[in-house]
Amino acid sequence: MRKPLMVMVVALMAAIGFTAPAQATVNDVPMPFGMSYGNSTTTGKINFTDGYSASVSGVVHAASGRRMVCAYGVNGGASTVAVCSPWAYAGGPNQSFGGPLRIPRPGGVQRVVIMMQDENYTVLAQESCTRNGCTREI
């Protein structure tokens, strides 16, 4: 008697469009990052999701010259468009940056590359982050 009643309740809930509230899954991973070049710094967080997307948010501080930070997602040979900060100037305010990264293929964004550049677009520092941590590359 209980099983048929439960089946009817579930069918009724589905028929009227009842859904459970969305919840973060165990595959959602917030990964902090941070790197410096001299006294210029960037810090922030990458949120890897269990779908095709990740999001990045951070701030860049310039101690000399101009600094810009860009981040992009990678999965094998596919990559996203970069999300970049405005230029941060020595003596000026820190600049925030962030946005979504999406790769519509199995596994979605697997790695996020973060680059700090100078006014000549020379990469001064670079870090690569996965769900398991970040590694300084330059």
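As the structure is a prediction and not an experimental result, all values here were calculated from the model.

Regarding the packing of aromatic side chains
In total, this model carries two aromatic pairs according to the counting rule given. When the ring of phenylalanine 33 is compared with that of phenylalanine 97, the centres are 6.5 Å apart and the planes differ by 45°; the resulting orientation is tilted. Note that phenylalanine 33 is positioned in strand 1 (residues 29-37) and phenylalanine 97 in strand 8 (residues 95-102), a separation of 64 residues in sequence. On the accessibility criterion, phenylalanine 33 (6% relative accessible area) is buried. Classification of phenylalanine 97 as buried rests on a relative accessible area of 7%. Relative to tyrosine 121, the ring of tryptophan 87 has its centre 5.5 Å away and its plane inclined at 70°; by these criteria the two rings are edge-to-face. Of this pair, tryptophan 87 sits in the loop between strand 6 (83-84) and strand 7 (88-89) while tyrosine 121 sits in the loop between strand 9 (111-117) and strand 10 (123-130), placing them 34 residues apart in sequence.

Rules of the game
The numbers attached to residues start from 1 for each chain and follow its sequence in the written order. Local features are withheld for residues below a pLDDT of 70 in this predicted model, meaning they are given only at 70 or higher, and side-chain atom pairs are given and counted only at 80 or more; totals for whole chains, interfaces and linings count all residues. Based on all heavy atoms of the structure, the side-chain values leave hydrogens and waters out of the count. Two rings from Phe, Tyr or Trp (for Trp, the six-membered ring) form a pair when their centres sit within 6.5 Å of each other. Planes less than 30 degrees apart are called stacked, planes more than 60 degrees apart edge-to-face, and all others tilted. Numbered from the N terminus, helices here are DSSP runs of H or I no shorter than four residues, and strands are runs of E no shorter than two. Think of it in three bands: residues with accessible area under 20% of the maximum for their type are buried, residues over 50% are exposed, and the middle band is partly exposed, with areas taken using a 1.4 Å probe on protein chains only.

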